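Each chain, written out:
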Amino acid sequence: MSLTSDPPATESVVKDPPPTPPAPALVVVPVRHPWRWAAVAATAVLLAQFGHGLVTNPGWEWDVFAAFFTTETILQAVWVTLQLTFHGTALGFAIGIVLAFMRLSASPFLRSVAFAYIWAFRSIPLIVQLLFWFNLAYLYKELSIGIPFGPGFVSFDTMGLVGEMGAAVLGLALHQAAYAAEIVRGGVLAVDEGQLEAAASLGIPRLRQVRRIVLPQAMRSILPNAANEIISLFKGTSIVSVMAIGELFYQVQVVYGRNGRVVPLLMVATAWYVLLTTALSVVQHYVERHYAKGSVR
């Protein structure tokens, strides 16, 4: 007997929903790039034609190329080119680092001097600078060291002091310093100022901050641009041929001026430039990998 006035509940039968039909399988159609394949085919044909021309065209005179590629004259010229590149790079970046920190200095005078130097040497063409240093003896017969605006204690003959090689290295280095200064300055500015503030709060001396904190991080930004400048300087050494210095391009000109084999001798110079530039690029890769430790690539 029910104790309430509610009617007895009736049991409801819950039926399972009908099964859902399986969804049709999706067909994945890759995106087609007909114009990309057409560009690939056209480029492959052009490369094949160029390679076929290099092999079959007798005008390249590969036998002459092979005969002169490793001659003593060419190897000595390659050595002179490497010397110009090394000395110009070392001296240029040494001066460039000083100029970069002068531009970052709190002194308006030092900033102005550094800016004026960079402006001047980036504005004057390199060939003009080289010819100026080559003819320095025309302006100054001798250089002396002594009291400013007073008597000199030691004098040097300018003609003997700055020869052909010295003028070439000096011109290349001073020109390179202007670009190196901006590269180094950009790398230092890329380091977060909080790094220096944290180092200063720990009482680390300023010089150690720069040497152990700023420069290792700045090198990641400096190296790619610096490597480009070094490679440009290496190829730019050919411009010293106007000073009759026996670097690679000058010697190639001398040789083909004698035998008339212009194209194969130019290919000799091109091959050496390509090989040495490739070697510099490999060195750049490993140096960048060294300074990229701990960074996310």
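In the nomenclature of an unreviewed UniProt entry, the chain corresponds to Amino acid ABC transporter permease from the organism Streptomyces wedmorensis. Regarding the chain, the relevant UniProt record gives this comment under Sequence similarities (unreviewed entry): "Belongs to the binding-protein-dependent transport system permease family." In UniProt, the chain has this text filed under Subcellular location (unreviewed entry): "Cell membrane".

Time to look at the packing of helix H10 (residues 206-236) against helix H12 (residues 262-291). In contact at an axis separation of 10 Å, H10 and H12 are set at 175 degrees when each is read in the N-to-C sense. For the element pair H10 / H12, the angle class is roughly antiparallel. Note on element contacts: H12 touches H10 through Trp272, Tyr273, Leu276, Thr277, Leu280, Ser281, Gln284, Val287, Glu288 and Tyr291, opposite Pro216, Met219, Arg220, Leu223, Pro224, Ala227, Ile230, Ile231, Phe234 and Lys235. Counted by class, the contact of H10 with H12 contains 14 nonpolar, three polar and three charged residues.

The next subject is the packing of helix H8 (residues 164-189) against H10. When two helices pack together, their arrangement is captured by the angle between the axes and the distance separating the axes. Between H8 and H10, the least distance of the axes is 8 Å, while the angle of their chain directions is 150 degrees. Every pair of crossing elements has a handedness; the one defined by H8 and H10 is right-handed. Two secondary-structure elements touch here, H8 through Leu172, Gln176, Tyr179, Ile183, Val184, Gly187 and Val188 and H10 through Val214, Ala218, Ser221, Ile222, Asn225, Ala226, Glu229, Ile230 and Leu233.

Cut-offs applied
Residues numbered from 1 in each chain as written. Predicted model: local features only at pLDDT ≥ 70, side-chain atom pairs only at ≥ 80, totals over all residues. Heavy atoms only, no water. UniProt positions renumbered as here; feature names shortened; annotations may be inferred. Axes fitted to C-alpha atoms, helices over the stretch in contact; angles between N-to-C directions. Helix = DSSP H or I, 4+ residues; strand = E, 2+ residues; numbered from the N terminus. Parallel < 35°, antiparallel > 145°, perpendicular 65-115°, else oblique. Contact = heavy atoms within 4.5 Å. Nonpolar A, V, L, I, M, F, W, Y, C, P; charged D, E, K, R; others polar. Left-handed = near helix turned anticlockwise from the far one by under 90°.

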